[in-house]
Amino acid sequence: MIEFRRPLALAALVLCLSACGRGDAPDSVHLRLQAVADPVEARAYRELIDAFRTERPDVEVEFVPVGRHAEHVTRLTTSFAAGNAPDLFLINFRRWGQFIASDVLEPVGPLLRDAGLFEREAFYEPPLDGFTYGGELICMPQNVSSLVVYWNRALFKQYGVEPPAPDWTWKEFHDAARALTRDLDGDRRADLYGLDVDPSIIRLAPFVWQAGGRIVDDIHAPTRFALRSTQAVTGLMFLKRLKNEVGVIPPLIERRAEGPDARFIRGGAAMTLNSRRFSAGLRAVDGLDWDVAPLPRHREAASVLHADAYCLGRQSRHKAAARDFIAFATGETGQALLSASGRIVPVRKSVAESEAFLDPDQPPASARVFLDTIPTLRRTPNIPTWYEIETRINPVIEEWMFESAAQMAGEANFGLRDGYLLVDLIEQAAGGLLKPAPAGGTTESDS
Amino acid sequence: MGVALSFIRGCGLTLVGCVFVVPLALLFVASLHAPGSVPVPGDLWPASPGTRAYQAVFAHVPMAGAMLNSLVLVALFVPTAIVAGSLGGLGIRLMSPAWQLACVTLLVGAASVPYAAIWLPRFMAFQALGFGGSWVPLWAPALMGGHPLLVLLFYLAARGIPMSQLEAARLESAGWLRIWWRVALPQMRPAVAAAALLATAWCWSSFTEPLLYLHSERSQTAPLMLHALELLGASNWSVLMAASMLLAAPVVLILLIVPFSLNRSVGG
């Protein structure tokens, strides 16, 4: 008898372990939605799911939050390979390209359109364009953020610096950053910096566009970087010049001790560049008087698209239910619920223009800046290899931006040659990843 | 002379211990900052220390449930790994020298395989078996001893048992399981303690496997919650530090307890 009990006990243990985490209702459609979400955001998604459940009690949506983008992508690629991918997932605009290449996505646009659930005019165009591939809307955007300037109102006031104007220029931005960079204890080192920023292609790109340059030769079917122009190099060098020649950005050693977000929150930097997501973190900080302003303009105004979208796995067995959830989440109710988290700029115009987003009781006071910036938004290419290109070139940009003082001295008179050096480094780092897209993309110009 | 040497040894160990305590102390101090503030470089002690960050951890994520899940997983994983690993180690010890060499080579080879090279086939295998979303894939490695290095550790410990003892027990008509339980395991206590320590640390801090296999938030483990908090950003670093402290505390406790038993077992 004992011989039989042990295997039975083992089987019972395995069954118990297998049961952990499962709780599907037998008669309802079960959808799985995976997204990168901090705890506050996760709560907003759960409220969204609960609201959807009241409309569609037959559909159960399981929310799977993931803490970081890298793990989100790892989990998605693994589960797609194993045939167990979530029905729906939210993905950032710059990271979705790799899923196009593996052909695992069911185009959401035609599904919504055929069901009469999609009116293009109701949404902002840049994110729709960003998630369109081969003429089809592949994933349905839920937000449309952009890079803006976060500025410390108290510091601007304390040092008598004019608040940023809606149409401020590189010169005014430079002057403000310079006026706000202060040595407060007389040790010949700045204690307050005018600006702090993470150097990456997504941060530099708007300055390239503002200077009249381009990132790639063709945004829809890029074959090479188009950074070898005076305009593009001028844009690439703008922030580095602010750091080296004007000294308004902290040097590397200080950045290692404290990143731009923490420095801005502490009041050690008067300005920083970030997307809408940063607003939610700042709302939690007591006593910080802050607001947002558009990026300064040069030859033209430009910012870079930050957006996330709902993508539908081709292998999902519940495409109709998933489509209905997407329609709900990007509808009036869903968008308003998510806006309350403070993390997103709604992609639906009516909600973005409403108090759900422009809440006068919540900072930033100039939340409309995010909406006013939308017409100037441009994007990086949505090719399968773009994310890998970014991960390769961002360390190169950081190293170039914060190279040693000795190198800085040697390159003080380099002028634009220093910018061309960065272009060389970017092209080398990207290697052969920037290749023509497969047939199906259009050939509009990036400029 | 012996007392002096013992004193010097004690001082040296304390000094080494202090070096490892410094990061933990910094972690603890950082966790005392209020949420919504950021630590100022150079200013270690917060102006108004408190436990609000710890409260925020439990308010933001279901950390209590996740820690309980992690504890249950450790409670399942570690004993299984010790039983399987010690049986494996003893089994190898009982083989001929040529087979012992082959097994040790195999174990070292298995320990050298990068995890990235096996996670996809393993994931697909468990999905095919219908264990996706469950704890089985997290527990299953324990059936193989937890990790090749643990089996190797038990094998090395088993080598210290005289073969004559094992053969004598066999002559007394003891079965192999009885020999393992009565003869081998008592003599492998230091290895058991070391293996338990290592298996607990690996299982408790495991991140990639729970990330890949666990879908439901109810079944998620504490490291996943820690990563969820990371996204709160710079204004909530103290919350992240508090969660890190909560995760580090049990391991530190075990680190304090196990060496004593290990020391006693060795006879130090």
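Since the structure is predicted, the reported quantities are computational estimates derived from the model, not experimental observations.

A.B. asks: Quick one: what's the story with the overall build of chain A, residue by residue and with numbers?
C.D. replies: When helices and strands are tallied, chain A shows 20 helices and 14 strands. The buried share among the 447 residues of chain A stands at 48%. Put simply, of all contacts in chain A between residues at least 6 apart along the chain, 77% involve residues at least 24 apart.

A.B. asks: Help me get a handle on helix α20 (residues 416–430) of chain A, residues and values and all.
C.D. replies: All names here are of chain A. For α20, spanning 15 residues, the distance from its first C-alpha to its last is 21 Å, which sits close to the expected 21 Å at 1.5 Å a residue. The set of residues buried in α20 consists of Asp418, Gly419, Leu422, Ile426 and Ala430. One side of α20 holds all its buried residues, which, seen down the axis, span an arc of 110°. Across α20 from its buried face, at more than 90 degrees, point the exposed residues Arg417 and Gln428. In this structure, the buried residues of α20 make contact with α10 (230–246) and α18 (386–401). Directly after α20, the chain includes Gly431, whose backbone phi takes a positive value near 55°.

A.B. asks: Explain the domain arrangement of chain A residue by residue, including any values.
C.D. replies: Accessible area lost on assembly of the parts is the figure often given for the size of an interface. Residues and elements named next belong to chain A. Domain boundaries in chain A define domain 1 (27–144 + 307–362) and domain 2 (146–303 + 377–430). Taking the mean C-alpha position of each, domain 1 and domain 2 sit 30 Å from one another. Across the contact, 18 residues belong to domain 1 and 15 residues belong to domain 2. Looking at the side of domain 1 that touches domain 2, the elements with two or more residues in it are α4 (97–101) and α6 (125–130). The element best represented in the side of domain 1 that touches domain 2 is α4, accounting for 4 residues. When its residues are assigned to classes, the side of domain 1 that touches domain 2 shows 9 nonpolar, 6 polar and 3 charged.

A.B. asks: Residues and numbers for the sheet that holds strand β10 (residues 271–274) of chain A, please.
C.D. replies: Residues and elements named next belong to chain A. Taken together, the 3 strands give an open sheet; going across it, the order is β10-β9-β11, and neighbouring strands pair in antiparallel fashion. The two strands at the open ends of the sheet, each matched to only one other strand, are β10 and β11 (290–293). Within this sheet the neighbouring strands show an average axis-to-axis angle of 30°, counted without direction.

A.B. asks: Tell me what's going on with α10(A), and back it up with residues and numbers.
C.D. replies: Residues and elements named next belong to chain A. The end-to-end C-alpha separation of α10 is 21 Å, well short of the 24 Å expected for 17 residues at 1.5 Å each. Bending of α10 peaks at approximately 45° at the position of Lys240. Within α10, 12 of the 17 residues are buried, leaving the element largely enclosed by the surrounding structure. The complete set of buried residues in α10 reads Ala232, Val233, Thr234, Gly235, Leu236, Met237, Phe238, Leu239, Lys240, Leu242, Lys243 and Asn244. Phi for Gly247, located one or two positions after α10, is positive at around 70°.

A.B. asks: Explain the sheet that holds strand β14 (residues 377–378) of chain A to me, using residue names and the numbers behind them.
C.D. replies: The pairing of strands in a sheet comes from backbone hydrogen bonds and takes either a parallel or an antiparallel form. Residues and elements named next belong to chain A. Pairing in this open sheet of 3 strands is mixed, and the strands run β8-β12-β14 from one edge to the other. The sheet is open, and its two edges are formed by β8 (145–146) and β14, each paired on a single side. In terms of strand pairing, strand β12 (residues 303–306) meets β14 through 2 bridges, oriented parallel. Bridging across to β14, Ser303 finds its partner in Leu377.

A.B. asks: Got a sec to walk through the nonpolar core? Specific residues and values, please.
C.D. replies: A:Cys139, A:Cys311, A:Phe325, B:Val57 and B:Ala243 are the most contacted members of the largest nonpolar core, which totals 194 residues. In terms of domain composition, this core takes at least three residues from each of domain 1 (27–144 + 307–362) and domain 2 (146–303 + 377–430) of chain A.

A.B. asks: With reference to specific residues and values, describe the environment of A:Gly130.
C.D. replies: All names here are of chain A. Of note, Gly130 is situated in helix α6. Each C-alpha atom, one on Gly130 and one on Pro381, is 8.3 Å from the other, the two residues being 251 residues apart in sequence. Among all residues touching Gly130, those that are not within four sequence positions of it are Phe93, Leu305, Ala307, Arg379 and Asn382.

A.B. asks: Please give an account of the interface of chain A and chain B that cites residues and values.
C.D. replies: Between chain A and chain B, the residue contacts involve 34 residues of the former and 37 residues of the latter. Among the elements of the structure, α1 (2–19), β1 (29–36), β2 (59–66), α3 (69–81), α12 (260–266) and α13 (277–283) of chain A are those that each provide at least two residues to the side of chain A that touches chain B. The residue inventory of the side of chain A that touches chain B, partitioned by class, reads 15 nonpolar, 8 polar and 11 charged.

A.B. asks: Quick rundown of unusual backbone geometry? Include the residues and the values.
C.D. replies: Across residues other than glycine, the phi torsion is negative in most instances, and most of the peptide bonds are trans. Each neighbour pair has its own omega, and for A:Pro363 with A:Pro364 the value is 5°, a cis peptide bond. The residue A:Pro364 is located in the loop between α16 (349–352) and α17 (368–372) in this model. Phi at B:Ser173 takes a positive value of approximately 70°, unusual for a residue other than glycine. Checked against the element boundaries, B:Ser173 lands in the loop between α8 (163–171) and α9 (176–187). Accessibility expressed as a C-beta count within 10 Å gives 7 for B:Ser173, which makes it exposed.

A.B. asks: How would you explain the packing of helix α8 (residues 170–180) of chain A against α10(A) if you had to name every residue and give the values?
C.D. replies: All names here are of chain A. Axis separation between α8 and α10 bottoms out at 12 Å; the angle between their running directions is 35°. With respect to the hand of their crossing, α8 and α10 are arranged in right-handed fashion. Here α8 contributes Trp170, His174, Ala177 and Arg178 to the contact with α10, which in turn contributes Phe238, Leu242 and Val246. Of the residues that constitute the contact of α8 with α10, the class distribution is 5 nonpolar, 1 polar and 1 charged.

A.B. asks: How would you summarise the confidence of the model for chain B if you had to cite specific residues and measurements?
C.D. replies: For residues with low pLDDT, the predicted coordinates do not support detailed interpretation. Considering every residue of chain B, the mean pLDDT works out to 88; 95% of them sit at 70 or more. With pTM at 0.83, the complex prediction returns an ipTM value of 0.73.

A.B. asks: Break down the pairing of β1(A) for me, citing the residues and quoting the values.
C.D. replies: Residues and elements named next belong to chain A. The buried count for β1 comes to 6 of 8 residues, which makes it a mostly enclosed element. Summarising the sheet, β1 and strand β3 (residues 88–92) pair through 2 bridges and their orientation is parallel. Among the inter-strand pairings, Gln34 is bridged to a residue of β3, identified as Phe89.

Parameters and conventions
Starting from 1, residues in each chain are numbered consecutively following that chain's sequence as written. Written order determines the labels here, with chains lettered from A and ligands numbered from 1. Selection of residues for local features in this predicted model requires a pLDDT of at least 70, selection of side-chain atom pairs for listing and counting requires 80 or more, and totals for whole chains, interfaces and linings are taken over all residues. Helix and strand labels come from DSSP, where a helix needs a run of H or I of at least four residues and a strand needs a run of E of at least two; each type is numbered from the N terminus. The burial criterion counts other C-beta atoms lying within 10 Å of a residue's C-beta, which is placed from the backbone; the residue is buried at 20 or more, exposed at 12 or fewer, and partly exposed between these limits. Contact criterion: two residues are in contact if their C-beta atoms, reconstructed from the backbone, are within 7 Å. One less than the residue count of a helix, multiplied by 1.5 Å, gives the span that helix is expected to have. Along the arc lie the directions from the helix axis toward the C-beta atoms. Where each domain starts and ends comes from a domain assignment, either automatic or drawn from a database. Put simply, Ala, Val, Leu, Ile, Met, Phe, Trp, Tyr, Cys and Pro go in the nonpolar bin, Asp, Glu, Lys and Arg in the charged bin, and everything else, Gly too, in the polar bin. The criterion for strand pairing is that DSSP finds at least two bridges linking the strands in question. In this analysis an axis means a line fitted to C-alpha atoms, helices contributing only their contacting stretch, and an angle means the value between N-to-C directions, from 0 to 180 degrees. What the bend at a residue measures is the angle between two axes, fitted to the seven residues ending there and to the seven starting there. A set of buried residues drawn from Ala, Val, Leu, Ile, Met, Phe, Trp, Tyr and Cys, joined through C-beta atoms within 7 Å, is what defines a nonpolar core. Should the near helix be turned anticlockwise from the far one by less than a right angle, the crossing is left-handed, and should it be turned clockwise, the crossing is right-handed. pLDDT measures how confident the predictor is about each residue, on a scale from 0 to 100.

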